[in-house]
Amino acid sequence: MRGLAYHELHQAGRPGWWRPLIGTLLLGFLTLGVAPLFWQAAYAFYLAATGQPVLDGLDRILDLSRPTPASLALLNLVLASSIPAAWLVNRWLHGIPPRWLSSVRPRIRWRFFVRCIGLSVVALVATVIVSTLLPQQGGTELASEPNEFTRTIRDFLLVVVLLTPLQAAGEEYAFRGYLTQAFGGLTRSRIVAVLVPAVLFALAHGAQDPPIFVDRLAFGIVAGVLVIRTGGLEAGIAMHVLNNFLAFGLALTFTDMGSALNPTGGSWWSIPATLTQSLVYLWLATRAADRMGLSATTSGAVLEPPRPRV
């Protein structure tokens, strides 16, 4: 029996065409409904315990048009909650152990992940080179002088360094993880398994200019291809983390965090630069996976028989 590719793993789970559809709705409910309430309740308890106004504090933390370090922390924690939510849905609804969301190994392949971090930097350098040859791309204008380093910027940096990798991983586990397996298992089509999560990923960022939407759609497509081509989420997570580090780092250095969380004024001239990064990284990561001898399919049973009790 041949091994299963990443997007085929749900074929080894519980049967039922309705499971991927219910699972998608359940994942959205847990991430966008339950997780925000949980983290807001935790923050409200902290405010009450420290004698601070609870309602005013919650109003400030929920205003992402003028984000604070606490706002960014809340957003990151909510999105990071997609990881346990995806694990829960995969186990409860499909009967598949959570570790199969990481890769066909099934686990995070850390050596490959670390290598992908370095490769994403190489792809970023290629993007910078291409960007210098293109006309002004518009969008948020960077200041000529860096921002003054303040206590608020320090707090933002701590949140970015500590929580942004979890946020990026959460989005990958949700979109390139569960949704790729769900729609791949439902349709048995690689194209659907890549395109549907990519479209949902772009739409999930809310109202946005067309160039920004296309930029995010292209990222989702490339990350989806990487998942199937390499058999796991490592390459997509690495690229996602670096992109977010770059966006937040530039915002804190030259503009403000609000411009990073609510980008406007996108330009179609940004697309060639984005494609350069995505395609260079796609080539480098798949080549690295081949050289490391990583398998893109399973080598054993996805659902292991229960061990006999002595």
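Draft legend 1. Focus on the pattern of salt bridges. Per the counting criterion, the structure on display carries five salt bridges. Taking the shortest distance from any N to any O, the salt bridge between D63 and R66 comes out at 3.3 Å. For the salt bridge of D290 with R229, the shortest nitrogen-to-oxygen distance reads 2.7 Å. A residue pair is termed long-range when its members are at least 10 positions apart, and D290 in helix α11 (residues 270–291) and R229 in helix α8 (residues 210–230) qualify at 61 residues. What makes D290 partly exposed here is its relative accessible area of 43%.

Draft legend 2. Focus on the confidence of the model for the protein. Chain-level pLDDT for the protein is 90 on average; 94% of the residues reach the 70-or-more range. Within the model, pLDDT remains below 50 along residues 305–310, and this stretch shows zero contacts once partners closer than five positions in the same chain are excluded.

Draft legend 3. Seen up close, the nonpolar core. One finds Y178, L226 and Y281 to be the most contacted residues of the largest nonpolar core, which totals 49 residues. Of all elements in the fold, only α1 (19–49), α4 (82–94), α5 (110–132), α6 (151–187), α8, α9 (234–254) and α11 reach the threshold of two or more residues within this core. Per-element accounting of this core gives the leading share, nine residues, to α6.

Draft legend 4. A look at the packing of aromatic side chains. On inspection of all chains with the given rule, the structure shows six aromatic pairs. Here the aromatic rings of F175 and F201 are separated by 5.4 Å at their centres, their planes lie at 75 degrees, and the arrangement is edge-to-face. Placement of F175 in helix α6 and of F201 in helix α7 (residues 190–203) is noted, with a sequence separation of 26 residues between them. The pair F175 / F201 is uniform in exposure class, with both members buried. Aromatic ring contacts, followed pair by pair, group F175, F201 and F219 into a single cluster. Looking at R176, its charged tip hangs above the ring of F201, at a distance of 4.3 Å from the centre.

Draft legend 5. Representation of α7 in the model. Between its first and last C-alpha, α7 extends 20 Å over 14 residues, near the 20 Å set by a 1.5 Å rise per residue. Among all positions of α7, only A193, V194, P197, A198, F201 and A202 are buried. When α7 is viewed along its axis, its buried side chains cluster within an angular range of 140 degrees and face the same direction. Looking at the packing, one finds that the buried side of α7 touches α6, α8 and α9. The backbone nitrogen of I191 lies 3.3 Å from a side-chain oxygen of the residue at the head of α7, namely S189.

Draft legend 6. Local environment of a nonpolar patch on the surface. Taken together, the side chains of W17, W18, L21, I22, L25 and L186 define a hydrophobic patch exposed on the protein surface, amounting to about 620 Å² of accessible area. Per-element accounting of the nonpolar patch gives the leading share, three residues, to α1. Here L21 lies in helix α1.

Draft legend 7. Broad picture of unusual backbone geometry. P106 follows R105 through a cis peptide bond whose omega is 10 degrees. Relative to the helices and strands, P106 resides in the loop between α4 and α5. Notably, R188 is not glycine yet its phi reads approximately 60 degrees, a positive angle.

Draft legend 8. Structural view of the side chain of Q277. With respect to the element layout, Q277 can be found in helix α11. A relative accessible area of 10% places Q277 in the buried class. Once you skip the residues sitting within four places of it in the chain, Q277 turns out to touch A123, L124, T127 and N243.

Draft legend 9. Molecular detail of the packing of α1 against helix α3 (residues 69–80). Taken N-terminus to C-terminus, the directions of α1 and α3 make an angle of 140 degrees; their axes are 9 Å apart at the nearest point. Our classification of the angle between α1 and α3 gives oblique. For the element pair α1 and α3, the recorded crossing hand is right-handed. Mapping the contact onto sequence places T31, A35, P36, W39, Q40 and Y43 in α1 and A70, L74, L77 and V78 in α3. Residue composition of the contact of α1 with α3, by class: eight nonpolar, two polar and no charged.

Draft legend 10. Region of interest: α5. The end-to-end C-alpha distance of α5 is 34 Å, a good match for the 33 Å that 23 residues give at a rise of 1.5 Å each. Considered for burial, the residues of α5 that qualify are F112, F113, C116, L119, S120, A123, L124 and T127.

Thresholds, definitions, all that
Residues numbered from 1 in each chain as written. Predicted model: local features only at pLDDT ≥ 70, side-chain atom pairs only at ≥ 80, totals over all residues. Heavy atoms only, no water. Salt bridge = Lys/Arg side-chain N within 4 Å of Asp/Glu carboxyl O. Helix = DSSP H or I, 4+ residues; strand = E, 2+ residues; numbered from the N terminus. Buried < 20%, exposed > 50% of the residue type's maximum accessible area, 1.4 Å probe, protein only. pLDDT = per-residue confidence, 0-100. Contact = heavy atoms within 4.5 Å. Core = buried A, V, L, I, M, F, W, Y, C linked by side-chain atoms within 4.5 Å. Phe/Tyr/Trp six-rings, centres within 6.5 Å; stacked < 30°, edge-to-face > 60°. Lys NZ or Arg CZ within 6 Å of the ring centre and 35° of its normal. Expected span 1.5 Å × (residues − 1). Arc of directions from axis to C-beta. Polar contact = N/O pair within 3.5 Å; in protein donor to acceptor, adjacent residues only side chain to side chain. Patch = residues over 30% accessible without salt bridge, like charges linked within 9 Å, V, L, I, M, F, W, Y side chains within 5 Å. Areas by Shrake-Rupley, 256 points an atom, 1.4 Å probe, with all protein chains shown as cover. Axes fitted to C-alpha atoms, helices over the stretch in contact; angles between N-to-C directions. Parallel < 35°, antiparallel > 145°, perpendicular 65-115°, else oblique. Left-handed = near helix turned anticlockwise from the far one by under 90°. Nonpolar A, V, L, I, M, F, W, Y, C, P; charged D, E, K, R; others polar.

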